[in-house]
Structures are given as structure tokens and as C-alpha cells.
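# Working through the structure, step by step
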Amino acid sequence: MNDEQWMQRALELAKRAEAAGEVPVGAVIVLNGELVSEGWNQPISASDPSAHAEIIALRAAGRKLDNYRLLDTELYVTLEPCPMCVGAMLHARVKRVIYAATDPKTGALGGAYDLLTSVSHNHSFEVTKGVLAEQSGEMLRAFFRNRR
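None of these values were measured; they are calculated from a predicted model. (Residues numbered from 1 in each chain as written. Predicted model: local features only at pLDDT ≥ 70, side-chain atom pairs only at ≥ 80, totals over all residues. Heavy atoms only, no water.)

## Here we look at helix H2 (residues 53–65)
- Across its 13 residues, H2 extends 18 Å between first and last C-alpha, which sits within 8% of the 18 Å expected from 1.5 Å per residue.
- The set of residues buried in H2 consists of Ala53, Glu54, Ile55, Ile56, Ala57, Leu58, Ala61 and Gly62.
- Summarising the contacts, the buried residues of H2 are in contact with strand S1 (26–31), strand S2 (34–40), strand S3 (73–79) and helix H3 (83–92).
- Of the residues trailing H2, Asp66 is marked for its positive phi of about 55°. (Helix = DSSP H or I, 4+ residues; strand = E, 2+ residues; numbered from the N terminus. Expected span 1.5 Å × (residues − 1). Buried < 20%, exposed > 50% of the residue type's maximum accessible area, 1.4 Å probe, protein only. Contact = heavy atoms within 4.5 Å.)

Below you can see the structure in the form of C-alpha cells.
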């Protein structure tokens, strides 16, 4: 599958979050072209402020691969990751992060901050921005419009 197909899967997961009343964000982790894990936002339903889609997917990948290092993995997510999630991705040694919509308020890969260039890390990862950004952005805008 290609980037758009994996992001389409992440968008399907974002719909699960939305159906549960959560901000519609979904994430998928892939290794060598194979699905490793997936997640969607669950902080409200799990009463866990760290239960972002990316963190759920990272935890599941660690369990499945039996390793906290997720070397050579690619993480697809429908919204630019926040600082907490970027930190977790750095610690996990993710190889590449692909995101859809930019988050100008809390995005940490260039939207509001750029944690990959602002501080020194002993690891970095490749970033691909804007894959299915319009679809993800519209889902997020509709969600917040309906909440007002």
C-alpha cells in the first residue's frame, strides 16, 4: 500500500474516535509495508490525557513487536502530532512520520513548533506532510463546528 492508502486507514480510525465523541484523529504504524498497529483518540473515554491516537498505536506496536524501539517503522496520523507524541516517537526511534492536516495551535513538526530542529536529539525521523490533508482537515473542522 502507498502513503495515501495507509492514511485512508488512519482516517477510518479517526471516524471511530469521532463516533465516540473524541477529536477525530487516527494513527497507523507500518513496518516493511505491513500493518503493525493502529489507534484513535481516546483521552475522554479512557480518562487518560496521554491516550492520543499516536500513543495508543505506539503502545500497541511495542507490545506486538516486543520492543520499545520501533526501528524502521512508519507512523501515519491524520493530524500533525503534538509535543508529547513527537517525544514518544523520538524515544521509540520511529523512522518516518506521515501526517495529513497541519495543527497550527499544538503541532510539533512545524505547525506551532518544530521539535526536530529546536532541540538536540540523538535520533530524528523523516517527515512527510499533507497526505490527504483536505479530507482530514474537513473532518476536524466539521467536528469542531458541530460542537459549537
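So much for the structure itself; the text now carries on.
## Quick word on the packing of aromatic side chains
- Taken as a whole and judged by the stated rule, the model has two aromatic pairs.
- Judged by centre distance (6.5 Å) and plane angle (35°), the ring pair of Trp6 and Tyr76 falls under tilted. Separated by 70 residues along the polypeptide, Trp6 in helix H1 (residues 3–19) and Tyr76 in strand S3 bring together distant segments of the chain. Per residue, the accessibility class of Trp6 equals that of Tyr76, and both read buried.
- When the centroid spacing of 5.1 Å and the interplanar angle of 80° are considered together, the rings of Phe143 and Phe144 count as edge-to-face.
- Here Phe144 falls in the partly exposed class, since its relative accessible area comes to 35%. (Phe/Tyr/Trp six-rings, centres within 6.5 Å; stacked < 30°, edge-to-face > 60°.)

## Topic: the pairing of strand S4 (residues 96–101)
- When you tally the buried positions in S4, you get six out of six residues, the bulk of the element.
- Looking at chain direction, S3 and S4 are connected through five bridges and run parallel. When the sheet's bridge partners are listed, Leu75 is paired in S4 with Val97.
- With H3 bridging S3 and the parallel S4, this β-α-β connection has right-handed handedness. (Pairing = 2+ DSSP bridges. Right-handed = clockwise from strand over helix to strand, strands pointing away.)

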